[in-house]
Amino acid sequence: MIEIDDVSRLYGGVPVVDHVTLTIQPRTICVVVGTSGSGKTTLLRMINKLVNPSSGSLRIDGEDIAGIPAYELRRRIGYAIQGHGLFPHRTVGQNIATVPKLLGWDKAKTADRVDELLTLFQLDPQAFRDRLPHQLSGGEQQRVGVARALAAKPNILLMDEPYGALDPVIRAKAQHDLLAIQRKLGTTIVLVTHDMEEAIQLGHTIAVMAHGKLLQSATPTEIIGHPATPFIAELIGSSERPFRLLALSRVADHIEPGVAEGAPIDADASLRDAYADMLWSARSAMPVTRHGEIVGRLTLDALAKLAARPQ
Amino acid sequence: MSWGIAIRLVALVVLVVFLVQPELFAGVFGALTQNGQPSIYNQGSLLDITLSHLGIVAVATLAATLVAVALAIIVTRPFGAEFLPLSRSLANIGQTFPPVAVLALAVPLLGFGTAPTLVALFLYGLLPIFENTLTGLTSTPPAVVEAARGMGMTGWQRLVRVELPIALPVILGGIRLSVVISLATATIGSTVAARTLGEVIIAGLQSNNTAFVLQGGLIVGVLAVLIYDGLSALERLLLARSGQASRANA
């Protein structure tokens, strides 16, 4: 658990982070959203002491981080940034092994961990271990960057606009993979982004910041349904609200018994995809499949109710 | 490319043969002598003098590298930032102060021989290495430095494992400039009795023997070209290996 307690950071007397209090539950993804200059990156960098708070305190699992030497704390916390920051002169394997080496892991354990992570990120260890970063595509570099951040099995992973430099197709895949990896490892992730869409897709909780202040911290459903300020509503976009709400749920949770005509949709798809598909094919219901077998149907009426503002 | 390597190899072989068996070239240089002067330098072994010349340049460059790199490291750390202007001035003075003047000033203090030449070459070689190291250390990509800090590297670990290796090709570029300048400048060391190829040139000037002058000059020139090209190739290799190939042609 990360507890941020009444934390401020001043630069030349001007607060960049202004009395923020936020608790991040273990094993969840918390996405901090804000425009540039909102203080979101500064807040993130205070968690691993790249920036020290001017006032207030931060605790990780109850321990005040002020008492932990910065380099020691950072080795316990994964850190992935925009533009990946891979060491250009080190191979992929050496890059991933950075923190284990700092912690003095033995060679065999480190090598095993490198291969394990490469496999987890769908990069063949044999082919990628000895390549240099510049020999990889942007998406591969980004994956290696996250693998490097996770190398020493940290409980916490901090990510600063990790997908900012990726094209939309690769970004969607990277986000999908991150969710799968988070579910598998149970890592607590704090991710900073300016993209509300990304926040809604990834976050268990979303913390919205503006001008150094925390405006609202809540679940995506709550943020979409009951934005605390007009600014948050604007970030979500009023015409997008119902679709963003649908994007949060999966088809699997809303299957009805019955039959329907036309092409089926997979139970793992989002309701938003199902809705688009139904509108496009001019149907009022569609069959749902799981592992290739039809298990029921989804109706337009049901979707219409789900897309309405939550009470 | 392969032609370039072939030409340099031929130059190297001719140079080595000439240094080991200079008499073989007596005919070539004979045309430049008058009144039965010797056509090949005969007041010492050309090989020994060349090795001594290279040795002096190597020692002076090594010392200049150690001091210039250390200075550049200090002024790029937070605690040393305020020494940057001072260090720059020192390196600049070293470069602008004429080596001949350094020799003249150093002889009364250090006596005749190799020492004054070493001092002159050391001072003359500082600036290129200092400036290049500074450039290399300050142009590390910000995301790389941020990642290194964020992963918990200490300042020393960042310097040794990240900043210096990435800056190495640029530092080597400075060393290359410094070596070539020193190779040529070392010849004047012979005026204060340092054993360099300047000895051959001066002997030729004194006895009006063009063959001697040409021999001394050619050896220095060919050495400079070969060493310059060799270090350039090493830089390109380092750049490519450190994933900075785009900087290789800069």
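Every chain begins its residue count from 1, and numbering advances along the sequence as written. Chain letters and ligand numbers both follow the written order, the letters beginning at A and the numbers at 1. Local features are withheld for residues below a pLDDT of 70 in this predicted model, meaning they are given only at 70 or higher, and side-chain atom pairs are given and counted only at 80 or more; totals for whole chains, interfaces and linings count all residues. Side-chain metrics rest on all non-hydrogen atoms present in the structure, leaving aside hydrogens and water.

## Description of the overall build of chain B
So, point 1. Runs of H or I in DSSP of at least four residues are treated as helices and runs of E of at least two as strands, each being numbered from the N terminus. Secondary structure summary: chain B contains 10 helices and 0 strands in total.
So, point 2. Helices and strands appear in chain B in the N-to-C order α-α-α-α-α-α-α-α-α-α.
So, point 3. Taking the principal axes of the C-alpha coordinates as reference, chain B spans close to 75 × 50 × 25 Å.
So, point 4. The cut-offs for exposure are 20% and 50% of the maximum accessible area for each residue type, with area from a 1.4 Å probe on protein chains only; residues under the lower value are buried, those over the upper are exposed, and the others partly exposed. The buried share of chain B, reckoned over its 250 residues, is 45%.
So, point 5. Contacts are residue-level and defined by heavy atoms, with any inter-residue pair within 4.5 Å sufficient. When contacts within chain B are restricted to residue pairs at least 6 apart in sequence, those whose partners lie at least 24 apart make up 74%.
So, point 6. We get accessible surface area from the Shrake-Rupley algorithm with a probe of 1.4 Å; when it comes to residues, only the shown protein chains can shield them. When the accessible surface of chain B is summed, it comes to about 12100 Å², and 72% of that surface belongs to carbon and sulfur atoms.
So, point 7. We count Lys and Arg on the positive side and Asp and Glu on the negative side, and we leave His and both chain ends out. For charged residues, the charge sits on one atom: NZ in Lys, CZ in Arg, CG in Asp, CD in Glu. Considering chain B, the positive charge centre built from 11 side chains and the negative charge centre built from 9 side chains are found 10 Å apart.

## Topic: the interface of chain B and chain A
So, point 1. Every contact between the two is made by 20 residues of chain B and, on the other side, 23 residues of chain A.
So, point 2. For the pair chain B and chain A, the summed buried surface comes to about 1900 Å²; carbon and sulfur atoms form 63% of the total.
So, point 3. Each salt bridge in this description consists of a side-chain nitrogen of Lys or Arg and a carboxyl oxygen of Asp or Glu lying within 4 Å of one another. For the pair chain B and chain A, the number of links is 1 salt bridge.
So, point 4. With a closest N to O distance of 2.3 Å, R45(A) and E146(B) form a salt bridge.
So, point 5. Within 3.5 Å is the distance limit for a polar contact, defined as a pair of N or O atoms, with the added protein rule that one can donate a hydrogen and the other accept it, and that residues adjacent in sequence qualify only through two side-chain atoms. At the boundary of chain B with chain A, the tally comes to 7 residue pairs in polar contact (both at pLDDT 80 or more).
So, point 6. Put simply, the parts of the chain that give the side of chain B that touches chain A at least two residues each are α7 (142-150), α8 (155-185) and α10 (210-241) of chain B.
So, point 7. It is α7(B) that provides the largest number of residues to the side of chain B that touches chain A, a total of 7 residues.
So, point 8. The residue inventory of the side of chain B that touches chain A, partitioned by class, reads 10 nonpolar, 6 polar and 4 charged. Simply put, the buried area is the total loss of 1.4 Å probe accessible area from both parts when two parts are fitted together. Each residue gets one of three labels, nonpolar for Ala, Val, Leu, Ile, Met, Phe, Trp, Tyr, Cys and Pro, charged for Asp, Glu, Lys and Arg, and polar for the others, Gly among them.

## Observations concerning the pattern of salt bridges
Residues and elements named next belong to chain A.
So, point 1. Per the counting criterion, the structure on display carries 18 salt bridges over all chains.
So, point 2. Between D268 and R250 there is a salt bridge, with the nearest N and O atoms lying 2.5 Å from each other. With D268 in the loop between β11 (265-266) and α13 (271-280) and R250 in the loop between α12 (241-247) and β11, this residue pair connects regions lying 18 residues apart in the sequence.
So, point 3. Assessed through its relative accessible area of 54%, D268 is described here as exposed.
So, point 4. Exposure remark for R250: the relative accessible area of 37% places this residue in the partly exposed category.

## Let's talk about the packing of aromatic side chains
So, point 1. Note on ring pairs: Phe, Tyr and Trp rings are taken, using the six-membered ring of Trp, and paired if centres are within 6.5 Å. Classes follow the plane angle, with under 30 degrees stacked, over 60 edge-to-face and the rest tilted. Evaluation of the coordinates by the stated rule reveals 4 aromatic pairs over all chains.
So, point 2. With a centroid separation of 6.2 Å and 35° between ring planes, the pair formed by F243(A) and Y275(A) is classed as tilted. Here Y275(A) lies in helix α13 and F243(A) lies in helix α12, a separation of 32 residues in the sequence.
So, point 3. The interplanar angle of 90° and the centroid separation of 5.2 Å between the aromatic rings of F18(B) and F25(B) together place this pair among those described as edge-to-face. F25(B) shares its class with F18(B); the two are buried.
So, point 4. Cluster of aromatic residues (ring-pair linked, three or more members): F18(B), F25(B) and F29(B).
So, point 5. Across from the ring centre of W105(A), 4.1 Å away, lies the NZ or CZ of K109(A), which sits over that ring.
So, point 6. Across the ring face of F87(A), the terminal group of R148(A) is positioned such that the distance to the ring centre comes to 4.9 Å. Remark: a charge is flagged as sitting over a ring if the NZ atom of Lys or the CZ atom of Arg is within 6 Å of the ring centre and within 35 degrees of the ring normal.

## Topic: unusual backbone geometry
For residues other than glycine, phi is negative in most cases, and the peptide bonds are mostly trans.
Residue and element names in this part refer to chain A.
So, point 1. You will see that H84, though not glycine, has its phi angle at about 50°, which is positive.
So, point 2. With respect to the helices and strands, the residue H84 is situated in the loop between β6 (77-81) and α3 (92-96).
So, point 3. The backbone phi angle of A282 is positive, close to 50°, even though this residue is not glycine.
So, point 4. As for its position among the elements, A282 is in the loop between α13 and β12 (285-290).
So, point 5. For A282, a relative accessible area of 69% puts it in the exposed group.

## Focus: helix α1 (residues 40-47) of chain A
Residue and element names in this part refer to chain A.
So, point 1. Counting buried residues in α1 gives 7 out of 8 residues, a clear majority hidden from the surface.
So, point 2. Within α1, the full set of buried residues consists of K40, T42, L43, L44, R45, M46 and I47.
So, point 3. At the C-terminal side of α1, K49 shows a positive phi close to 60°.

## Structural notes on the side chain of T289(A)
So, point 1. Checked against the element boundaries, T289(A) lands in strand β12.
So, point 2. Apart from residues no more than four positions distant in its own chain, T289(A) is found in contact with P264(A), I265(A), D266(A), A267(A), I294(A) and V295(A).

## A short note on helix α5 (residues 107-120) of chain A
Residues and elements named next belong to chain A.
So, point 1. An ideal rise of 1.5 Å per residue puts 20 Å on 14 residues; α5 measures up with 20 Å between its terminal C-alpha atoms.
So, point 2. Those residues of α5 not exposed but buried are T110, R113, V114, L117, L118 and L120. Angularly, the buried residues of α5 cover 160° about the axis, an arc narrow enough to put them on a single face. Residues of α5 that are exposed and angled more than 90 degrees away from the buried face: D112 and T119.
So, point 3. Tucked inside the fold, the buried residues of α5 contact α3, α4 (98-102), α6 (125-128), α7 (138-149) and α8 (168-185).
So, point 4. The N-cap of α5, judged by a side-chain oxygen 3.2 Å from the amide nitrogen of A108 a few residues on, is D106. Expected span of a helix: the number of residues minus one, times 1.5 Å. The arc in question is the one spanned by the directions pointing from the helix axis to the C-beta atoms.

## Concerning the layout of surface pockets
Residue and element names in this part refer to chain A.
So, point 1. Each pocket or cavity is described by its volume, and for the largest pocket that value is around 880 Å³.
So, point 2. Both site types are read off a 1 Å grid over the protein atoms alone. A 1.4 Å probe that fits but cannot get out defines a cavity, while an open set with protein on both sides within 12 Å along at least five of seven lines defines a pocket; lining residues have an atom within 4 Å of a point. Around the largest pocket, the lining comprises 29 residues; the ones closest to its centre are H176, L179, Q201, A247 and S270.
So, point 3. The element contributing the most residues to the lining of the largest pocket is α8, with 9 residues.
So, point 4. Within the lining of the largest pocket, the residues separate by chemical class into 10 nonpolar, 8 polar and 11 charged. Grid points are joined across faces, edges and corners, and a volume is the space filled by probe spheres set on the points.

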